[in-house]
Amino acid sequence: RKVIIDTDVGTDYDDICALLCILGMPEEDMQVLAITTCYYPTLLRKRLAEMLLSKQGGRWAAVPVLAGPTRVCGTHRPIH
């Protein structure tokens, strides 16, 4: 399956757990085309996702990570 993952990684632990599960999947089961980050601060979330992929290395280091809008859209709560 080819997927694009949209995440607000960094607010709660659910997104990091989901990304870690995907990193453990064989490429024939899941091909991640890109990861996008949503929910301000998207640039910080982008860096978190890039760091995770970089640490995993291999094919994961080549997955592009794109930040969503850099302005607050809607409600906002602190990032942990």
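Residues numbered from 1 in each chain as written. Predicted model: local features only at pLDDT ≥ 70, side-chain atom pairs only at ≥ 80, totals over all residues. Heavy atoms only, no water.

*Asks:* Would you take a moment to explain the overall build of the protein for this structure?
*Replies:* When helices and strands are counted, the protein shows 2 helices and 3 strands. Element order for the protein, N to C, with α for helix and β for strand: β-α-β-α-β. For the protein, the C-alpha radius of gyration of 13 Å lies close to 12 Å, the compact-globule estimate for 80 residues. Its C-alpha atoms give the protein principal-axis dimensions of about 40 × 20 × 20 Å. Per-residue burial over the protein gives 30% buried out of 80 residues. For the protein, the share of sequence-separated contacts (at least 6 apart) that also reach a separation of at least 24 residues comes to 78%. Across the protein, the 9 positively charged side chains and the 9 negatively charged ones have centroids separated by 6 Å. (Helix = DSSP H or I, 4+ residues; strand = E, 2+ residues; numbered from the N terminus. Rg over C-alpha atoms; globule rule 2.2 N^0.38 Å. Buried < 20%, exposed > 50% of the residue type's maximum accessible area, 1.4 Å probe, protein only. Contact = heavy atoms within 4.5 Å. Lys, Arg positive; Asp, Glu negative; His and termini not counted. Charge placed at Lys NZ, Arg CZ, Asp CG, Glu CD.)

*Asks:* What is the right way to read the pairing of strand β2 (residues 31-37) from this model?
*Replies:* Put simply, side chains in a regular strand alternate between the two faces of the sheet. The sheet contact formed by strand β1 (residues 2-7) and β2 spans 6 bridges and is parallel. When the bridges of β2 are listed, Asp6 appears paired with Thr36. For the segment spanning β1, helix α1 (residues 14-23) and β2, crossover handedness is right-handed. Note: β2 against strand β3 (residues 65-67), 3 bridges, orientation parallel. Opposite Ile35, over in β3, you have Val65 as the bridge partner. Crossover β2 to β3 through helix α2 (residues 42-56) is right-handed. (Pairing = 2+ DSSP bridges. Right-handed = clockwise from strand over helix to strand, strands pointing away.)

*Asks:* I keep staring at the pattern of salt bridges and nothing clicks. Help me out?
*Replies:* This structure, assessed with the given rule, holds 1 salt bridge. The partner of Lys46 in a salt bridge is Glu50, and the shortest N-O contact between them spans 2.6 Å. Placement of both Lys46 and Glu50 in helix α2 is noted, with a separation of 4 residues, approximately one turn of the helix. Judged by its relative accessible area of 21%, Lys46 is partly exposed. (Salt bridge = Lys/Arg side-chain N within 4 Å of Asp/Glu carboxyl O.)

*Asks:* So what exactly am I meant to see when it comes to the nonpolar core here?
*Replies:* Nonpolar side chains in soluble globular proteins generally cluster together in the buried interior. Ranked by internal contacts, the top residues of the largest apolar core, which has 14 residues, are Val32, Ile35, Leu53 and Trp60. In this view, Leu53 contacts Leu23, Ile35, Trp60, Ala61, Val63 and Val65; residues no more than four positions away in its chain are not counted. (Core = buried A, V, L, I, M, F, W, Y, C linked by side-chain atoms within 4.5 Å.)

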